[in-house]
Amino acid sequence: MPKPAEVKLPSDREVRVTRTFNAPRQLVWDAHTQPELMRKWLGYDGWDMPVCDMDVRIGGKYRWQWKNREDGTQFGFFGTFTEVSAPSRLAHEEYFDPGDVGGDMPVGDPCIVSVELSEQNGITTLVCNMTFASKEAREGAVSTGMTDGMEHSYTRLDDLIAR
Amino acid sequence: MQNSARLDLTFAALADPTRRAILARLATGEASVQELAEPFDMSQPAISKHLKVLERAGLISVDIVAQRRPRRLEPKRLEEAVNWIERYREIFEQNYQRLDALLDELKGKRAKSKRKK
């Protein structure tokens, strides 16, 4: 099994996540750019992804939206691709759409997200770098309602295990 | 209060070694101002000042009902302060474990179609 994701803070406004995958780079790229594949992994427990529009080219737009299976609340992200070089590098400017979930993530300024893929011996290393508009935005990003929702589903899971 | 402002207060409170030592002491159980002042060789007003900072940051609370007004640790805030990075990791890791499963599936499909050729 791959090592768990590693999170680093290269600067005040950045978060860098590194993770390896036991698969060729092209497949990891496909899973990051093709909606029918993205829907299978990108998201949160208990949330469906009814909207996943991807126009993968420089200047192309994307829109992701999740819907809670229980209460129907929605939120999402949207943005524009700034770098597309298959199958190694993808970058986009990402805006948060709080929908009816809300949270502390600021809405106005984009987060610059880049995904870099490199392959060695069939193992792909992914480095996802996020540069937020401010230090506050970086911290707010993990305190949206959706992560609270996630914690609830963890708690439910813990309950089940405890029984 | 905004989450980030709250975190700033927490980190500022944690930046002082005496205050961290007070928290470590309170982690073993509640204590009055007098009890806290003893091991630190500090005057009660000096300790009180530190306690106020910790209180404002939400790291400790005061039991105003008991006569000796013991201070106690509020572990939730401390967890919140150290946990936001961990939450990032969790969110990504959850996604990436699903991606692992998908990639295995895709690799299987690819191997099958190759065999057909």
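Calculation notes
Residues numbered from 1 in each chain as written. Chains lettered and ligands numbered in written order. Predicted model: local features only at pLDDT ≥ 70, side-chain atom pairs only at ≥ 80, totals over all residues. Helix = DSSP H or I, 4+ residues; strand = E, 2+ residues; numbered from the N terminus. Buried ≥ 20, exposed ≤ 12 C-beta atoms within 10 Å, placed from the backbone. Contact = placed C-beta atoms within 7 Å. Expected span 1.5 Å × (residues − 1). Arc of directions from axis to C-beta. Core = buried A, V, L, I, M, F, W, Y, C linked by C-beta atoms within 7 Å. pLDDT = per-residue confidence, 0-100. Pairing = 2+ DSSP bridges. Axes fitted to C-alpha atoms, helices over the stretch in contact; angles between N-to-C directions. Parallel < 35°, antiparallel > 145°, perpendicular 65-115°, else oblique. Nonpolar A, V, L, I, M, F, W, Y, C, P; charged D, E, K, R; others polar.

(A) Focus on the overall build of chain B. A count of helices and strands for chain B gives 5 helices and 2 strands. Helices (α) and strands (β) of chain B occur, in sequence order from the N terminus, as α-α-α-α-β-β-α. Within chain B, the fraction of its 117 residues that count as buried is 20%. Within chain B, residue pairs in contact and separated by at least 24 positions form 47% of the contacts whose partners lie at least 6 positions apart.

(B) Molecular detail of the overall build of chain A. The helix and strand tally for chain A stands at 4 helices and 8 strands. Counting across all 163 residues of chain A, residues that qualify as buried make up 28%. Counting only contacts in chain A whose residues sit at least 6 apart along the sequence, the fraction spanning at least 24 positions is 43%.

(C) Focus on helix H4 (residues 44–56) of chain B. Residues and elements named next belong to chain B. Taking 1.5 Å as the rise per residue, H4 with 13 residues should run 18 Å; its terminal C-alpha atoms sit 18 Å apart, in good agreement. Among the residues of H4, Ile47, Leu51 and Leu54 are the ones counted as buried. Taken end-on, H4 shows its buried residues confined to a sector of 60°, consistent with a single buried face. Exposed residues on H4 whose side chains face more than 90 degrees from its buried face are Pro45 and Lys52. With its phi angle positive at about 80°, glycine 58 sits one or two positions after the end of H4.

(D) Seen up close, unusual backbone geometry. In this structure, A:Pro87 follows A:Ala86 across a cis peptide bond, with omega equal to -5°. Even without a glycine there, the phi angle at A:Asn121 is positive, about 50°. The backbone phi angle of B:Asp41 is positive, close to 50°, even though this residue is not glycine. Its location among the elements puts B:Asp41 in the loop between helix H3 (33–40) and H4.

(E) Focus on the nonpolar core. Formed by 23 residues in total, the largest nonpolar core has its most connected members in A:Val17, A:Phe21, A:Val28, A:Ala31, A:Leu126, B:Leu99 and B:Leu103. Setting aside residues no more than four positions away along its own chain, A:Phe21 makes contact with A:Pro2, A:Val28, A:Thr124, A:Leu126, B:Leu99, B:Asp100 and B:Leu103. With 11 residues, the next largest nonpolar core counts B:Ala13, B:Ile47, B:Leu54 and B:Ala57 among its residues.

(F) Layout of the confidence of the model for chain B. Scored by pLDDT, chain B comes out at a mean of 85, with 92% of its residues at no less than 70. Per the prediction output, this complex has pTM 0.67; the corresponding ipTM is 0.81.

(G) Highlighting the pairing of strand E3 (residues 47–54) of chain A. Pairing geometry for E3(A) and strand E4 (residues 61–68) of chain A, over 6 bridges, is antiparallel. Across the sheet, A:Asp53 pairs through a bridge with A:Arg63, a residue of E4(A).

(H) Focus on the packing of H3(B) against H4(B). Residues and elements named next belong to chain B. Close contact between H3 and H4 brings their axes to 9 Å; oriented N to C, the two are set at 110°. Compared by their axis directions, H3 and H4 come out roughly perpendicular. Between H3 and H4, the residues in contact are Val33, Gln34, Leu36, Ala37 and Phe40 and Gln44, Ile47, Ser48 and Leu51, respectively. In the contact of H3 with H4, the residues fall into 6 nonpolar, 3 polar and no charged.

(I) Spotlight on the sheet that holds strand E6 (residues 89–97) of chain A. All names here are of chain A. Read from one edge to the other, the open sheet built from 8 strands follows the order E1-E2-E8-E7-E6-E5-E4-E3, with strand pairing classed as antiparallel. Since the sheet does not close on itself, it has two edges, and those belong to strand E1 (6–8) and E3, each with one partner. Between one strand and the next, the sheet's axes are offset by a mean angle of 20°, whatever the strand orientation. Here helix H1 (residues 25–33) sits on the sheet and contacts strand E2 (14–21), E3, E6, strand E7 (111–120) and strand E8 (123–131); the angle it forms with E7, its principal contact strand, is near 155°.

(J) Here's a closer look at the confidence of the model for chain A. This prediction gives chain A a mean pLDDT of 84; 82% of its residues lie at or above 70. Predicted confidence is poor over residues 144–163 of chain A, with pLDDT under 50, and the contacts of this stretch with residues over four places away or in other chains come to 20 contacts.

(K) Layout of helix H2 (residues 17–26) of chain B. Residues and elements named next belong to chain B. Along H2, the residues that are buried comprise Arg19, Ile22 and Leu26. Buried residues along H2 cover an arc of 55° about the axis, so they all sit on one side. Exposed residues lying more than 90 degrees from the buried face of H2 are Pro17 and Ala24.

(L) Looking closely at the environment of A:Gln120. Structurally, A:Gln120 is set in strand E7. Taking C-alpha positions, A:Gln120 is 9.0 Å from A:Arg25, a pair spaced 95 residues apart along the chain.

(M) Structural detail: the pairing of E7(A). Of the strand pairs in this sheet, E6(A) and E7(A) are connected by 6 bridges, and their pairing is antiparallel. Each residue of the ladder has a partner; that of A:Glu93, found in E7(A), is A:Ile112.

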